[in-house]
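# Per-entry structural report
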Amino acid sequence: ETEFHAYRLHQYEISGNIYGCKNYRVSYEAVSLGARTLRRTMVTTWRDLLTTDVDDMWALSTGAVLIFIPDNLDELNDIDRKAFIDLEAKLLSAKTDLAVYVAPFNDDAVSILHDVNTRSEKAPTALQHLLQSLSGNTISITSSDQSPELPPSYKPLNIVGRLSSGDRAAPTIAFVAHYDTQSAVPGVSPGADSNGSGIVALLELLAVLSKFYDSPSTRPPYNILFIWTAAGKLNYQGTRHWIDEYQKGFDSADYAKSGLSRKGFSDDRVDLAICIEAIGRKTGGFFMHAGKTPSENSVAAQLLRRLKYFSSISPKKNIELVTKKISLTTVSAWEHEKFNIKRMPAITLSTLPSPSDPARNSILDLPSALDEDELIDNIRLIGEAVLGYILDLPESGPSSDSRVKSEATMLSKDAVDKQRVHHFIRQFASRPRPVGDQRATESITSNLASVAAGYGNVFKSAVTITDAKAFGVTQNRLVAERVKPAVFELVIAAGVFTYLSAFYYIATHSQNTIEGTVAAIRKSIF
Amino acid sequence: MSFFHFINCFALAFAPYFIVYKYSGINEYSSIWKCATASGGYLLTQLAKLLIIATFFPALDSEGFSIVPEFLKSSADIIDVIGLHLLMTNFLAGKGEVRFVVGGLGWGFAHSVAHRLVLLWVGARGTAFTWRWVQTSLDSSADLLVIVSLACLTWMITRTPNKFLVSPILAMCVFSTFVYQTVQHTFSLYGWSLLAFRFAYSIATAILTVVVYSANRTASTRKNE
Amino acid sequence: ALANVYSCAGSVKSTSPVDYSQLKLQVRLLTLEGHMKHEEEVNPSNGYFMIPVYNKGHYTLKVSAPAGYYFEPDSIEIKIDGKTDACSLNEDLVFHLTGFSVRGTVDGAAAGLPLVLTENGKQIAETKTEDGGKYEMRAPPGKYEVSTGAGASECISKGKTSVEVKNAPVVVTPNFKISGYQLEVHTRTESMNPFVDAVMTLYATSSIDLPNIKCVGSEGSLNVPSTHNVKCSIGKTDPRGRLSVACVPSGEYYLAASHVNGPKSINFSPNPQKVVVSQAASEARFVAQSATGRVRVTSKDLPLSGVEVLVNEKSGGKTDSQGYLKIENLKEDEHTTITAKAPNTQFSTVHANVKFPKVEIQDVTVQKFDICGQVEKSENGVLGKLTFTRKDDKRSLEIQPKADGSFCQPVSPGLFTIEPTDKTSSLTPRLLEVEVLKNAVTNLRFTHFKTNANVHLSCIGACPTATVSLFLPGQTLVRSVKGTDVFTFENIGPGTYSARLDDNGRGCWEKSEMTLVVEQSNTQPTIHFKQNGFAAQIEISHPAEIEWSNADKKQLNGKTSTKGGEVISICVPTSGVYDVSLGSCYKFERQQFKLTVPFDGVHKEKAVAARISGTIDLENDKNAAVSIRIKSSAGDREIQVPALDNGRFTFEEPLASSGEQLVIVPSSKLRLFEPTSKSVTVTGKCIENAVKFNSFRGIFLDGSIKPAVEKAVVKAVLKKDKDVVIEAISNKDGAFKIGPVKRVEDYDITATLDGFKFTPTSTPGHFQSVKLSQLSIKVVDEVTNAPLDGVLLSLVGGKGAGSDYRSNNVLDETAHKNYVALAPGEYFVRAILQEYKFSPSTSTIVVKEGQHENVVLKGKRVSFSAYGKMREMSGDAMKDVIIEALSEGCDLHQSEATTKEDGTYRIRGLLPDCEYQVHAKSYADGSPAPHSFPRSFTVSMTAEDVKGLEFMATITAKTTDIAVEIGMDTLPEIQSVRVVITKNNNDHVQVASVVAPQHLHYLVNLPRDGVEYAIRVEAEKPPQAFAAKTVRVVADQAMKVARVPLTSSKRANDVDISVGTFLSLPFFVTLALVFFNQNRVLELLGTFIDWARNTFAPTADNHHRKRK
């Protein structure tokens, strides 16, 4: 039998309604698409799944679905890519009790599929059918269920890096990015752009801006916070938690553990929270999402003007403002909405035009899809704009006098370092880290903390997930065994019987046959 | 796949021994007890062999398969020959043929029980259906042939003048496991093809033993005349 | 705002009248690098010039004039720092037109002929001709002669020509011609060093008329032909042994060299020499051969006659009465030694020091005379030693006589005293005077004598332990004995001793030192010391009366006094506690104190303050409340003078302020004092009657000013003492009141008011006022008519009255200046402000007596300035940074400014239509400029100021970050690892532990200097789950990633085929063989045993066989 790794369909629950597949145990016989799937495991390729209508299937109560998807998602050609996106959409919208698994398409898959398909085909002649039903082997798929459920006490961590300007009354700029990933199949999607690029942008900005905070003479009069929030895909739990803590003055116990003085930065006046999501794709510019068009001299408006100014210089980019009214009831579309709900100024910078863009939580969001140069340009653009704001440089370039010319950008060409970005992408944006996968989450939080500790001082705070629930078991080991039909056993028994009878026949005549041969040999040879 | 499958395999593996015992006329000459002593003898020799191997091959836990150490290890099977010889000469009674057949039977039975019973118990009862268990059971019958011919040869070697004829075939029998392993590794024969080879090999040895036996028989009759 | 503008003014002067106007003289201001900052023409009428300078710094001022005009100094270097330089102090920078050029040519002369310009003998200038004979010299106006300089080998025909310099460069015509040539004479000794002061005489056929050569008729001399009957002495050779005579007319001469110096003379070869002078310079060489000298023999400057002299160990004759002897044929560098011989005397040997031309032979002096004699042995066989002491320098010598007691000691001449060394020995005579000047002394004799001496002590109460010591005259201690009341000295030789008693200051003795005489008589001399009380040592720092009295028995008291600063001991009859009180004009720390006698150690009392007193003669005017103010550096004190004891006042001054000057000023409402104030220097001692004032009642003076001038300030200053000043203000009808004054005449009274001149009338205190003429100047902007701030206004007196009047001052923002009391006449007014041009640049104004002139100057903006700021990122200003604007286009015009406290700067004087690079040049203290964003601005100036050139300081240092990726996921069982980071030869950088699931470690902000870092990852806890791995990384880029893969330590062990395994096959085979053919094996075994038996036991076997 063969054993392979499979990734479960997403499962989470936000404010009551449940998404994705409920359970994860599989121990049913594999059956091909279209057959009755009650207490069966329906095995199919992603293309077949697309073409057939499966809505009624989702309604079934027990059973499982195993879908084989191409193992190298990078080299999908365009048509497949579009088809795959449709598949994703389908999977996202599915709500079922079945255990839905996705596995990469390799040679085991081929043999399994072959058996399953032959099994379910109608044999042309009755005899073959009989034969088939007698000796055709059926595949039974069982899940080994080693990875445990999510412990109730599991709380993902918020990582907060801080560059302090030294005096307490200085205003603060906060960079925010959620670090978890989500897609139809969270176990397989590294989420490189939808928010791997956010994490990398924050890390790179921390590295670049920390250089200014080393010596007192070049220390800008602003504190800068870098907040990597947890469970962003679960309606931005980390962000909500941080804001609650921030406004409550942090009397929660978790902070005491993290060795931070109780006050922490509750007296930091946050001028603007800049949420960064998905700025790693080659889209020639990005959008600034905000609740409403920012007023003339608000920080967001200034930042927008600076971004427009800098993007009008060397690498031509266009920056657009997109406003979307914030709904207090439904799930927040963008991270900044959590801030706006609590009357804190915030915006989100993203190449995604709308929150429901399919590319946002897609499995195809792979590191290879990232365009490193575009990401570096975006990071330098954001860095220039923010530096310009906190250093209060004249908005439209060093001098407005027509007669005066000078270079405009403060950061030197190699300030945003290509090698460092590549390192961050490889470490933080190339492995799936859904909130459900406790081990991956803990690994990324501890590594993020080690980077933040390197460049500034770091604080951690455990996030309590409210009115939402994440589910573990994002991946599982499936064992496919070839099972002969019970009746086949009789066949074997017959085989054994015939063999034994032949043996009996030989044994009984062995004595005289041997003597005969011996005698024959003696006569013939000697 | 199921318990039924285990029964089948078990039968397949051990039935031949009973059949040979029951229906090839051996039971008139010697009792079941003789076979039991043969099995006991097998177990003792295996124990001795393991002790000796332990002294000569301390690091035995290697995974890789390399020709020379395997060959040396299988040379330990000579001890089987000695064991068999001792067993036949002074523990068994009756005519030569009876002795070596009974010895071979008992020895073979013990051998396949030692090697296969546990394997079958664990594997065959598993749900997944593979042909592997059936093949191992068939193996046991192939081994029966080899072991009987081994017994016959060990019997003859001390009694025939033309040792040079007997010893190569004896060597064939003794190094049979070594041959199987090398063949398995070099030609990567698996499953049914390996089984076929083993049958071919055992039948060949059986025939050769018969030929040699007949040659030996003519010599002894000539001696009697 | 007022830009600090400095004005460097001065004038170009020339002794001779020069018309500047057509000369177009200009004065230029240059930076050190030669950049031209500013150019100003000189005022044609009086040569006056004034140059504005806008920035502090290092500049040079130069006059640029047509060729041929020389100025002294030709450039003045000034370092403007606003305080100490010439311009800020308004000193005049004067360029004197000192000289004009004198040019000409010498026909046929080679280059390098030295020419000199002399003014009746005194050399003014000198130069060398270039090729072609051209020359040029500088000279102030006057009459000169041009002639060949010293050391010129040729002479010009007419010797010299006169030339006259008036007020322009002049050309010497006609040109010169060459006449005489150079004669060079060299004299040296055989050892090649030059012979100085050799007298040269030249024998010629006819006399030569050359300036410093005198010729006279010669009666001929040794081997000189009679034709040369004229002898000319041409001088002596110089220290280099050379003599050169210029302009010797061509012809044939004979030259003779000689050197005579008293008895010493030196002869030369070849002497004389024939010399021919023709077309070129000629040369003559002499070598000094030998010399004769004289030697003298003396003994301590007294000549010894009749002493035999040895020259090189050969007798050279006896000295004459004066001690002299003549020695001939002394060669240079020959080693000739000269000495003398006489019995019992040693003479010094001398070398004849012949160093042509000097021949010196030092005097031969007596070194040693012998003194011999006999010493008698003492009864215990000890030979006493003798001491010779010279009278003149008191040096003494100790002589050990020989075994037989005789001694013979050579000594240098002089007077000696001889005495036995052991003072206590009884050798007599005790002392012997010996005179060894002219000759040795031989017959001296010494013999022995010994006795004992006693000293007795009578003291009050028990005698403390004391010591008595005997001294020989002249402080040499003979012996000291410790004891209580009787002291005996054994075996004392004859002589007068002084005995001194020392009981370390416990008691008072009548006499503490007595003389003890020991003669050659048999009675043992004894002396007595008598104690009359107990001593107490006191040290008082200043003179005071000391009264002491016994605490309980008051009648036991005494008084003594001390001059201060000495330890005195007071004798009190009995021991016990005494009250001591000090009476003195000084205040002591403790005026009374208690003393317990006897006590060892010294009781010290230090004075703290001294009393100073003085008197004022008040003519017993009771109600004059007089107070004295004492002004000192520590501040002023006021003390009241008590009315009763006729004005005597005292005050105390701490000793610490000794050497300080006190000024004592008496003041009173009614009385005046004479002198008005007196200064006293505190000497740290009491001063009685340090100062004496007398006083008298004061009177008041009423003064007036006609015609009346209100608010005039009237000051009356005492002529003798400037400190006393009385002021008053005149009211509207010009009257004022001054007083109290003793005599009006002692004060000089002045009245001052701006715009008026007050002349005192005959009666003191009354003034005549005259309204002065006034000139007020206002400077405004031509366009906006607003006053210009920081204008430099220069007013120079023209022809007519006050031509040397000159005033430069910088106006404030009102840009308005009033010149008062100007002498009527013509004045030049000139306004200067950076970036402005005033038209006309200099205007002349006529000032008339008593007239009020009003002038308005209009300025037009010409160049503009750039404003900007430099700040740090944190917002604070960056001060003292020099921001420079340099334009390549407009011929390197450069202007700079330093950022002020708030970081702002203004670069002035930028010319329109020039493109300037504005950037930070450096810090004010010269350290390199900070990196800034933007690095520089390129500004193309237009006729309008530029604002907002903001610089921001940015980070400079380049750093490297290291990221360590530890491959912990390959070995899931590892919980934590330790990362050790060291640099080059492993000096420790950092050790950190990384706990799973974290597998990254960062080391940030390392200097990017190419240093190699070794990153070693090892297991934290002992079980070495993996092999420690080291990765090396060089810090040369912004980010370096170090990947550390971990491999498990269990090595896949290959099957080791040991020898033993090979044995297994043969073993099995033999086992089988043995098993299968047992019987054969048994047989084999049997044969083997038989064989073994018969080989090892042959005898038994043979025996056995024999018996068979």
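Residues numbered from 1 in each chain as written. Chains lettered and ligands numbered in written order. Predicted model: local features only at pLDDT ≥ 70, side-chain atom pairs only at ≥ 80, totals over all residues. Heavy atoms only, no water.

## Here's the deal with the sheet that holds strand 19 (residues 468-470) of chain A
Remark on secondary structure: sheet strands pair via backbone hydrogen bonds, oriented parallel or antiparallel. Residues and elements named next belong to chain A. Strand order in this open sheet of four strands is 7-3-2-19, and the pairing throughout is mixed. Here the strands that pair on one side only, and so sit at the sheet edges, are strand 7 (95-96) and strand 19. Pairing of strand 3 (residues 17-21) with strand 7, which is carried by two bridges, proceeds in the parallel orientation. Residue pairing for strand 7: C21 is matched across the bridge by T96. (Pairing = 2+ DSSP bridges. Helix = DSSP H or I, 4+ residues; strand = E, 2+ residues; numbered from the N terminus.)

## Notes on empty space enclosed by the protein
Residue and element names in this part refer to chain A. Overall, the coordinates contain five cavities of 30 Å³ or more when judged by the stated rule. Of the pockets and cavities examined, the largest cavity occupies roughly 110 Å³. Around the largest cavity sit 16 residues that line it, and Q11, Q182, P186, G436 and F471 are the ones nearest its centre. For the lining of the largest cavity, the per-class residue count stands at nine nonpolar, six polar and one charged. (1 Å grid on protein atoms, 1.4 Å probe; cavity = no way out; pocket = protein on both sides within 12 Å on 5 of 7 lines; lining within 4 Å. Points joined across faces, edges and corners; volume = space filled by probe spheres on them. Nonpolar A, V, L, I, M, F, W, Y, C, P; charged D, E, K, R; others polar.)

## Focus: the state of the cysteines
Across all of its chains, the model carries one disulfide over all chains by this definition. A disulfide bridge connects C585 of chain C with C686 of chain C, and the sulfur atoms are separated by 1.3 Å. Linking C585 of chain C and C686 of chain C, the disulfide has an S-S dihedral of approximately 110 degrees and is accordingly described as right-handed. Here C585 of chain C is found in the loop between strand 50 (576-583) and strand 51 (586-588), whereas its partner C686 of chain C is found in the loop between strand 60 (678-681) and strand 61 (687-697), with 101 residues between them in sequence. Cysteine C152 of chain B shares no disulfide, and the gap to the nearest cysteine sulfur, in C173 of chain B, comes to 8.9 Å. (Disulfide = S-S within 2.5 Å.)

## So, the interface of chain A and chain C
Taken together, the 40 residues of chain A in the interface contact 37 residues of chain C. Carbon and sulfur atoms make up 55% of the area that chain A and chain C hide from each other, which totals about 3,500 Å². Linking chain A with chain C are three salt bridges. Across the salt bridge formed by R420 of chain A and D961 of chain C, the nearest N and O atoms sit 2.8 Å from each other. Taken together, the connections running from chain A to chain C amount to 19 residue pairs in polar contact (both at pLDDT 80 or more). (Contact = heavy atoms within 4.5 Å. Buried area = accessible area lost by both parts, 1.4 Å probe. Salt bridge = Lys/Arg side-chain N within 4 Å of Asp/Glu carboxyl O. Polar contact = N/O pair within 3.5 Å; in protein donor to acceptor, adjacent residues only side chain to side chain.)

## Examining the interface of chain C and chain B
Quoted interface sizes are often the accessible area lost when the parts come together. Taken residue by residue, the interface counts 15 residues in chain C and 20 residues in chain B. Applying the counting criterion to the chain C and chain B interface returns zero salt bridges. Inspection of the region where chain C meets chain B yields zero residue pairs in polar contact (both at pLDDT 80 or more). Residues belonging to the side of chain C that touches chain B are distributed by class as follows: eleven nonpolar, three polar and one charged.

## As for the packing of helix 3 (residues 32-56) of chain B against helix 5 (residues 77-91) of chain B
All names here are of chain B. Contact geometry for helix 3 and helix 5: axes closest at 9 Å, N-to-C directions at 145 degrees. Helix 5 is crossed by helix 3, and the crossing has right-handed handedness. Judged by residue contacts, K34, T37, A38, G41, T45, Q46, K49 and I52 of helix 3 engage D77, I79, D80, G83, L87 and F91 from helix 5. Split by residue class, the contact of helix 3 with helix 5 holds five nonpolar, five polar and four charged. (Axes fitted to C-alpha atoms, helices over the stretch in contact; angles between N-to-C directions. Left-handed = near helix turned anticlockwise from the far one by under 90°.)

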